[in-house]
Amino acid sequence: MSRHIVTGIEDVRSQDAEWLIRELSDELARLYQTTDGSAGFRPEDVEVPRAAFVVARIDGQPAGCGALRPLDESHAEVKRMYTRPEYRRNGVAQAILAEIERAAKQFGYRSIKLQTGPLQPEAVQLYERVGYRRIPRYSGNWDQVIAFQKDLEA
C-alpha cells in the first residue's frame, strides 16, 4: 500500500517536532547505551538564518523529521534524521532528505554534511544510495562516527 508523504519546514518547537526529537534521542540513547541521545543538537541550532526543521507527514500524522543547520557560509549539516518505526521503509527518510536538500540549495549552500553511527546501517545505506560520499569525521570526538558529504548542484 503506497502512502502519500508530505514534507515541509515546521517550527522546531512545535509539539510534533519536540515529540519526534525526543523519540529519536531516546532511540539513540538506547542504541548506543548512553544517557544523552541528542548528538549535540539543540533546537536553537535551527532557529537561525539559513536553517530549517523538516517534518514528514503521512495522513496528517508526523512520520519523521530532519534538521538543516549552517556550518559556515558554504556548508550546512543535516541533524536529527528520524523516521518513526511504523513508517520505516516507505520512503520517509528519502523525502525528508530531498526537502532538506531543496532548502539548502535555496539558502545558497554548496554542500551538505552529516554524521551517523555504525549501529545505524540503514542510515548509511540511505545516504550512500542518494549520493552522499564518505568523508573524514568533521565534528565531535567520537571515533566511530561515519561522516558523509553531498555537493549540491548550482
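The structure under discussion appears in the preceding block.
As the structure is a computational prediction, the values presented were derived from the model and not from experiment. (Residues numbered from 1 in each chain as written. Predicted model: local features only at pLDDT ≥ 70, side-chain atom pairs only at ≥ 80, totals over all residues. Heavy atoms only, no water.)

K.L.:
Report on unusual backbone geometry, specifying residues and quantitative values.
P.N.:
In this model, Ala 39 sits at a positive phi of 55 degrees, which is unusual for a non-glycine residue. Located in the positive-phi region is Arg 80, a residue other than glycine, with phi close to 55 degrees. The residue Arg 80 is located in strand β4 (residues 75-83) in this model. (Helix = DSSP H or I, 4+ residues; strand = E, 2+ residues; numbered from the N terminus.)

K.L.:
Please provide a residue-by-residue account of the pattern of salt bridges, values included.
P.N.:
Under the counting rule described, the total for this entry stands at 17 salt bridges. Note that Arg 89 is salt-bridged to Glu 122, the shortest N-O span being 3.9 Å. Highlighted residues: Arg 89 in the loop between β4 and α2 (92-107) and Glu 122 in helix α3 (residues 121-129), separated in sequence by 33 residues. For Glu 122, a relative accessible area of 45% gives the class partly exposed. (Salt bridge = Lys/Arg side-chain N within 4 Å of Asp/Glu carboxyl O. Buried < 20%, exposed > 50% of the residue type's maximum accessible area, 1.4 Å probe, protein only.)

K.L.:
Which residues make up the side chain of Arg 80, and what values do they have?
P.N.:
The buried charged residue Arg 80 lacks any salt bridge partner; its closest oppositely charged side chain belongs to Asp 36, at an N-O distance of 7.1 Å. Beyond its immediate chain neighbours, meaning those up to four positions away, Arg 80 contacts Ile 21, Leu 24, Ser 25, Leu 28, Gly 37, Ser 38, Ala 39, Phe 41, Cys 65, Gly 66 and Ala 67. (Lys, Arg positive; Asp, Glu negative; His and termini not counted. Contact = heavy atoms within 4.5 Å.)

K.L.:
Residue-level account of α2, with values.
P.N.:
The end-to-end C-alpha distance of α2 is 23 Å, a good match for the 22 Å that 16 residues give at a rise of 1.5 Å each. Every buried residue of α2 is listed here: Val 92, Ile 96, Leu 97, Glu 99, Ile 100, Glu 101, Ala 103 and Ala 104. Of the residues trailing α2, Gly 108 is marked for its positive phi of about 90 degrees. (Expected span 1.5 Å × (residues − 1).)

K.L.:
Quick rundown of the sheet that holds strand β1 (residues 5-9)? Include the residues and the values.
P.N.:
Strand order in this open sheet of seven strands is β1-β2-β3-β4-β5-β7-β6, and the pairing throughout is mixed. Each of the sheet's edge strands pairs with one partner strand only, and the pair in question is β1 and β6 (133-135). Along the sheet, successive strands turn relative to each other by an average axial angle of 30 degrees, direction set aside. α2 rests against β1, β2 (52-58), β3 (61-70), β4, β5 (111-116) and β7 (146-151) of the sheet, and its axis sits at about 35 degrees to β3. (Pairing = 2+ DSSP bridges. Axes fitted to C-alpha atoms, helices over the stretch in contact; angles between N-to-C directions.)

K.L.:
Give a description of the environment of Val 130 that names residues and reports values.
P.N.:
Structurally, Val 130 can be placed in the loop between α3 and β6. Measuring from C-alpha to C-alpha, the distance between Val 130 and Gln 94 comes to 7.9 Å, with 36 residues separating the pair along the chain. Not counting chain neighbours up to four residues away, the residues in contact with Val 130 comprise Gln 94, Leu 97 and Lys 150.

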